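The lines below spell out each chain.
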Amino acid sequence: MALDLSPQEASNIGTELQPRRSVIELRDVSKHYKDAGAPIVDRLTLSISEGEFVALTGPSGCGKTTTLKMINRLIEPSSGQIIINGQDVGDLPSHRLRQGIGYVIQNVGLFPHMTIADNVAAVPRLLGWKKDRMTPRIDELLSMVGLEPSIYRDRYPRELSGGQAQRVGVARALAADPPILLMDEPFAAVDPITRTSLQDEFLRLQQSIRKTIVFVTHDMAEAMRLADRVVIFGPQSKIAQVGAPTEVLSAPADAFVASMLGSGRLMQLLSCVRLRDVSLDRWPTLAQGLEGDERLAALSSAKIEGKNRVLVLDEAKRPLYWIYSDATGESSKVEVDCKLELDATSLRDAITQIVYCSHDCAVVVDGDGAFQGIINIQGIRRSLAPLAGAGTSAANIGVDK
Ligand SMILES: Nc1ncnc2c1ncn2[C@@H]1O[C@H](COP(=O)(O)OP(=O)(O)OP(=O)(O)O)[C@@H](O)[C@H]1O
Ligand SMILES: [Mg+2]
């Protein structure tokens, strides 16, 4: 089992299905304010594909919010071009442009004198939606972000917690079903557990709505968890590195990127790499219903491989139980207590599960429950060896920016 990721292979993980059509293109975009000296954003070029989830991250003040606001023209660029769906945004009336782009504002920005329902309905109302279309949509969105409509619909923003207000911000941005979402630190003001559950909900939501998303966050783990591609900005929105999370985590471009990724880099990498991305170990199996000599033959050939048990599979190759042989040749059935799904399980989850399971290894199955192989701690360590090597190159040298 090896995970020899070249940068190209690493960047392919999880992105094979990524569509190619570019939806948002920033071409040599700069922003400077008079009397402010150096530009805030300096000649930024970036292309974002349809359905892609891109996270922008970088130090405070590097121009992330400015970049988002230039995409929907809340801020006009000083130079350069921004193209959305092939059209220069400078040629579009700004209200038309914003109707097609949902925006979750940093620090939420709900209208304080409007109820939650009216906040969510802000854009549909501008678009002239009738009440009979709007009311069910508001309820649908509130439910979607985990707020019971009958409780929250008529409240005011001051009657919500920070996390609830952020959910309303997300619902409001989704209200008119825009194809593009710009999200500025949408989950920043909540505790880590609520944040993780908001991220989970949002990931599930994105599976079905498949928007093109530009998402600003300071939280590197959040960027790595959510995004197809991560952009790490240096000062003035200069791109220090752009790539798939596994690519950035396994090979930071320089000491600045490594310092941005911080000491949690290996754990984040473990969270990003799925069982489908590593090769599993095989294990001797036995078809259900085979008894007597066939079972004994399977157990003795397993023994030759140094294994004291075989895995019994049903006719659809789904694992049923282990059969152990003891010194006297007797065999005993033991339940499979650690079964992990190939696509859904990260190496980090796998480690946690294996530590607690009684056979020191997990049985890995595909989406239909069919046996694919096994994984144990030794296998995970082998797969990590090349990545840990990459880790010593930058993060562990301790170079400060
Ligand atoms: N109207 C303005 N005039 C002059 N400078 C401005 C103006 N608006 C923003 N800036 C400056 O532009 C820089 C970038 O601001 P921006 O809000 O884009 O940063 P950010 O990366 O989003 O930061 P944070 O992570 O703290 O939200 C900051 O140094 C800020 O002070
Ligand atoms: Mg900002």
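As the structure is a prediction and not an experimental result, all values here were calculated from the model.

What counts and what doesn't
- Residues numbered from 1 in each chain as written.
- Chains lettered and ligands numbered in written order.
- Predicted model: local features only at pLDDT ≥ 70, side-chain atom pairs only at ≥ 80, totals over all residues.
- Heavy atoms only, no water.
- Pairing = 2+ DSSP bridges.
- Helix = DSSP H or I, 4+ residues; strand = E, 2+ residues; numbered from the N terminus.
- Contact = heavy atoms within 4.5 Å.
- Axes fitted to C-alpha atoms, helices over the stretch in contact; angles between N-to-C directions.
- Core = buried A, V, L, I, M, F, W, Y, C linked by side-chain atoms within 4.5 Å.
- Buried < 20%, exposed > 50% of the residue type's maximum accessible area, 1.4 Å probe, protein only.
- Domains from an automatic or database assignment.
- Lys, Arg positive; Asp, Glu negative; His and termini not counted.
- Salt bridge = Lys/Arg side-chain N within 4 Å of Asp/Glu carboxyl O.
- Polar contact = N/O pair within 3.5 Å; in protein donor to acceptor, adjacent residues only side chain to side chain.
- Parallel < 35°, antiparallel > 145°, perpendicular 65-115°, else oblique.
- pLDDT = per-residue confidence, 0-100.
- Phe/Tyr/Trp six-rings, centres within 6.5 Å; stacked < 30°, edge-to-face > 60°.

Considerations on the sheet that holds strand S2 (residues 41-49)
Inference 1: One open sheet holds the 4 strands; their spatial order is S2-S1-S4-S5, and the pairing between them is antiparallel. Because the sheet does not close on itself, it has two edges, and the strands there are S2 and strand S5 (87-88).
Inference 2: Relative to strand S4 (residues 79-84), strand S1 (residues 22-31) runs antiparallel, the two being bridged by 5 bridges. When the bridges of S4 are listed, Leu26 appears paired with Ile82.
Inference 3: Together, S1, S2 and S4 form the strand contacts of helix H2 (residues 64-71), whose direction differs from that of S1 by roughly 120°.

Quick word on the nonpolar core
Inference 1: Residues Val120 and Phe202 are the most contacted members of the largest nonpolar core, which totals 65 residues.
Inference 2: If you tally residues by element for this core, the top one is helix H8 (residues 162-174), at 6 residues.
Inference 3: Among the domains, domain 1 (7-100 + 179-272) and domain 2 (277-383) are the pair contributing at least three residues each to this core.
Inference 4: The contact partners of Phe202, leaving out residues within four places of it in the chain, are Phe53, Val170, Leu181, Met183, Phe187 and Ile213.
Inference 5: By size, the runner-up hydrophobic cluster in this structure holds 28 residues, among which are Leu44, Leu46, Leu92 and Phe233.

As for the side chain of Lys31
Inference 1: For Lys31, the location among the structural elements is in strand S1.
Inference 2: One buried charge, Lys31, has no salt-bridge partner; the nearest side chain with opposite charge is Glu76, at 7.6 Å.
Inference 3: From its side chain, Lys31 meets the backbone oxygen of Glu76 in a polar contact 2.8 Å long.
Inference 4: Beyond its immediate chain neighbours, meaning those up to four positions away, Lys31 contacts Pro39, Ile40, Val41, Thr66, Met70, Ile75, Glu76, Pro77 and Ser78.

Details of the packing of helix H13 (residues 265-272) against helix H15 (residues 347-356)
Inference 1: In contact at an axis separation of 5 Å, H13 and H15 are set at 95° when each is read in the N-to-C sense. With respect to H15, the element H13 is oriented roughly perpendicular. Contact residues: H13 offers Met267, Leu270 and Ser271, while H15 offers Leu347, Arg348 and Ile351.

What about the sheet that holds strand S3 (residues 53-57)?
Inference 1: Read across the sheet, 6 strands follow the order S6-S7-S8-S3-S9-S10 without closing on themselves; strand pairing throughout is mixed. Sheet topology places strand S6 (101-104) and strand S10 (239-243) at the edges, where each strand pairs with a single neighbour. Direction aside, neighbouring strands of the sheet carry axes that sit 15° apart on average.
Inference 2: Sheet contacts for H2: S3, S6, strand S7 (180-184), strand S8 (212-216) and strand S9 (229-233); angle to S7, the most-contacted strand, approximately 155°.
Inference 3: In the packing of H8 onto the sheet, contacts are made with S6 and S7, and the angle to S6 comes to roughly 170°.

Remarks on the confidence of the model for the protein
Inference 1: Summarising the model, the protein shows a mean pLDDT of 85, and 90% of its residues fall at 70 or more.
Inference 2: Here residues 1-19 is modelled with pLDDT under 50, and outside its nearest four sequence neighbours on either side it reaches 38 contacts, counting other chains as well.
Inference 3: pLDDT under 50 marks residues 390-401. Its contacts with residues more than four places away, or in other chains, come to 12 contacts.

Re the packing of aromatic side chains
Inference 1: Overall, the coordinates contain 5 aromatic pairs when judged by the stated rule.
Inference 2: On the numbers, 5.9 Å between centres and 55° between planes, the contact of Phe187 with Phe215 is tilted. Of this pair, Phe187 sits in the loop between S7 and helix H9 (192-209) while Phe215 is found in strand S8, placing the two residues 28 residues apart along the sequence.
Inference 3: On the numbers, 5.8 Å between centres and 75° between planes, the contact of Trp283 with Trp322 is edge-to-face.

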